[in-house]
Amino acid sequence: MVLLGPRQIGKTTLARGIAAEVPESLYLDLESPQDAARLADPDRYLDLHAERLVILDEIQRMPDLFQLLRGRIDERRRRGRRFGQFLLLGSASDALLPQSSESLAGRVVYEELPGLNALEVGADHEKLWIRGGFPDAFTARSDAASARWRLNFIRTYLERDIPQLGARVSAETLRRFWTMLAHRQGGLLNASELARSLDVSVPAVTRYVDLLADLMLVRRLPPYFANVGKRLVKSPKVYIRDSGILHSLLGLGALDDVLSHPVAGASWEGFVIENLIAAAPFGTDAWFYRTRAGAEIDLLLHLPDRRLWAIEVKRSARPRAARGFELAASDLEAAERFVVHPGREPFPLSGTTTAIPLPDLMARLEALA
């Protein structure tokens, strides 16, 4: 299995927990010089531990291992051991997926490990919105301590982790770009505008977006295309995936800071979208839908049973479904229509649309798995 997720999201904690529960397992952190040195002769070392579950953390540090693992997996399969051979953890999807898919096709399962979600934290989901889903940020003793952790995370990513991936962009340039995306949270990707603001080329902007998306720090939500006889928006929307990181990029430390900032609505929208995508059953596709005339659906989920769920997000105690949302949902013949709000109770808005709290809708999605 390959677990993918941003650094500090909890992959290492999970892997160490598995190692503690499975006595015969072996955990190696490939960022540790001592652990990496054990694999100076990987053939011999893995042969010595052929009967153990081997956990390799930050596998992107040693990409040459993929080809070697293929042979080891096939050899063990011939001896009747088909499962539980290797657990691989990585922090950059595009640095791993092409290599692993070529070398381990038919031998590996991929799982993206998101941060904490609104169902896991219970009544604290507003605190989760402000601080984000990184465990150390959410559990910090105060908002100030959480903000310090997130700022250190941002700095470490920019100054250490991204350069180690071979990215040819300065930390200062990428921080400015990341902050620009934060100010445009939930907006359509306009590479030309961003290029002018940053004084770089359009291809450079595309590379920066690709890099942050690869690191699972940014989400490009694609537009939904349907033959409905209307002119549709074709650019993706861009979100900073973790709301706590978004708030830190904008200098917002506490709930009052966020609520008084123009980004509050877009921040809540991105937070809801990330939680719903994480809760959706395997095989679900996620889009947004917008016509040139203004009819819009914030999140359109195409479930494995081929039904469409249309979802609007409102940061309001008295939510209502916009006329454009109802028109768009009717055009697409959405099977379910929801308006997610920050309250505690679901209630009908019309004969077809339900206002619903985020945890309730997540629970409905998880029940479909």
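Residues numbered from 1 in each chain as written. Predicted model: local features only at pLDDT ≥ 70, side-chain atom pairs only at ≥ 80, totals over all residues. Heavy atoms only, no water.

*Asks:* Help me understand the overall build of the protein chain, please; the structure alone is not making it clear to me.
*Replies:* Of the regular secondary structure elements, the protein chain holds 16 helices and 14 strands. In the protein chain, which comprises 369 residues, the proportion classed as buried is 51%. A separation of at least 24 residues holds for 63% of the contacts in the protein chain among residues at least 6 apart in sequence. For the protein chain, the computed accessible surface area is about 17,400 Å², with 49% contributed by carbon and sulfur atoms. (Helix = DSSP H or I, 4+ residues; strand = E, 2+ residues; numbered from the N terminus. Buried < 20%, exposed > 50% of the residue type's maximum accessible area, 1.4 Å probe, protein only. Contact = heavy atoms within 4.5 Å. Areas by Shrake-Rupley, 256 points an atom, 1.4 Å probe, with all protein chains shown as cover.)

*Asks:* I'm lost on the packing of helix H8 (residues 143-164) against helix H9 (residues 171-183) in this one. Help?
*Replies:* Axis angle and axis distance: for two packed helices, these are the angle between their axes and the distance between the axes, and together they describe the pair. Running from N to C, H8 and H9 point in directions that differ by 135°, and their axes come no closer than 10 Å. In terms of their interaxial angle, H8 and H9 are classed as oblique. Where H8 crosses over H9, the handedness of that crossing is right-handed. Contacts from Leu 151, Ile 154, Leu 158, Glu 159 and Ile 162 in H8 reach Ala 171, Leu 174, Arg 175 and Trp 178 in H9. Residues belonging to the contact of H8 with H9 are distributed by class as follows: seven nonpolar, no polar and two charged. (Axes fitted to C-alpha atoms, helices over the stretch in contact; angles between N-to-C directions. Parallel < 35°, antiparallel > 145°, perpendicular 65-115°, else oblique. Left-handed = near helix turned anticlockwise from the far one by under 90°. Nonpolar A, V, L, I, M, F, W, Y, C, P; charged D, E, K, R; others polar.)

*Asks:* Where do I start with the sheet that holds strand S6 (residues 187-188) in this structure?
*Replies:* The strands that make up a sheet are held in pairs by hydrogen bonds between backbone atoms, and each pair lies either parallel or antiparallel. The strand order across the open sheet formed by three strands is S6-S8-S7, and the pairing between neighbours is antiparallel. Among the strands making up the open sheet, the edge pair consists of S6 and strand S7 (218-221). The sheet contact formed by S7 and strand S8 (residues 237-240) spans four bridges and is antiparallel. Within S8, the residue paired with Leu 221 across the bridge is Lys 237. (Pairing = 2+ DSSP bridges.)

*Asks:* I would appreciate a short explanation of the side chain of Ser 243 in the present structure.
*Replies:* Mapped onto the fold, Ser 243 is located in helix H12 (residues 243-249). For Ser 243, a relative accessible area of 5% puts it in the buried group. Among the polar contacts listed, one links the side chain of Ser 243 to the backbone oxygen of Trp 129, at a separation of 2.6 Å. Beyond its immediate stretch of four places on either side in the chain, Ser 243 contacts Leu 128, Trp 129, Ile 130, Gly 132, Ser 267 and Phe 271. (Polar contact = N/O pair within 3.5 Å; in protein donor to acceptor, adjacent residues only side chain to side chain.)

*Asks:* Looking at this structure, I do not really get the packing of aromatic side chains. What am I missing?
*Replies:* The relation between two aromatic rings is expressed through the spacing of the ring centres and the mutual angle of the planes. All chains considered together, the criterion is met by nine aromatic pairs. Both rings, one in Phe 134 and one in Trp 149, keep their centres 5.6 Å apart while their planes meet at 40°; by these two values the pair is tilted. Here the residue Phe 134 occupies a position in the loop between helix H6 (125-131) and helix H7 (135-138), and Trp 149 occupies one in helix H8, the gap between them amounting to 15 residues. When sorted by exposure, Phe 134 lands in the same class as Trp 149, which is buried. Pairing Trp 149 with Phe 153 gives two aromatic rings, centres 5.6 Å apart and planes at 15°, and the pair type is stacked. Of this pair, Trp 149 and Phe 153 both sit in helix H8, four residues apart, which is roughly one turn of that helix. Per residue, the accessibility class of Trp 149 equals that of Phe 153, and both read buried. Three or more aromatic residues joined by ring pairs make a cluster, and in this case those are Phe 134, Trp 149, Phe 153 and Tyr 157. Between Lys 237 and the ring centre of Phe 288, over which it is positioned, the NZ or CZ distance is 5.1 Å. Sitting over the ring of Trp 268, Arg 315 keeps its end group 4.8 Å from the ring centre. (Phe/Tyr/Trp six-rings, centres within 6.5 Å; stacked < 30°, edge-to-face > 60°. Lys NZ or Arg CZ within 6 Å of the ring centre and 35° of its normal.)

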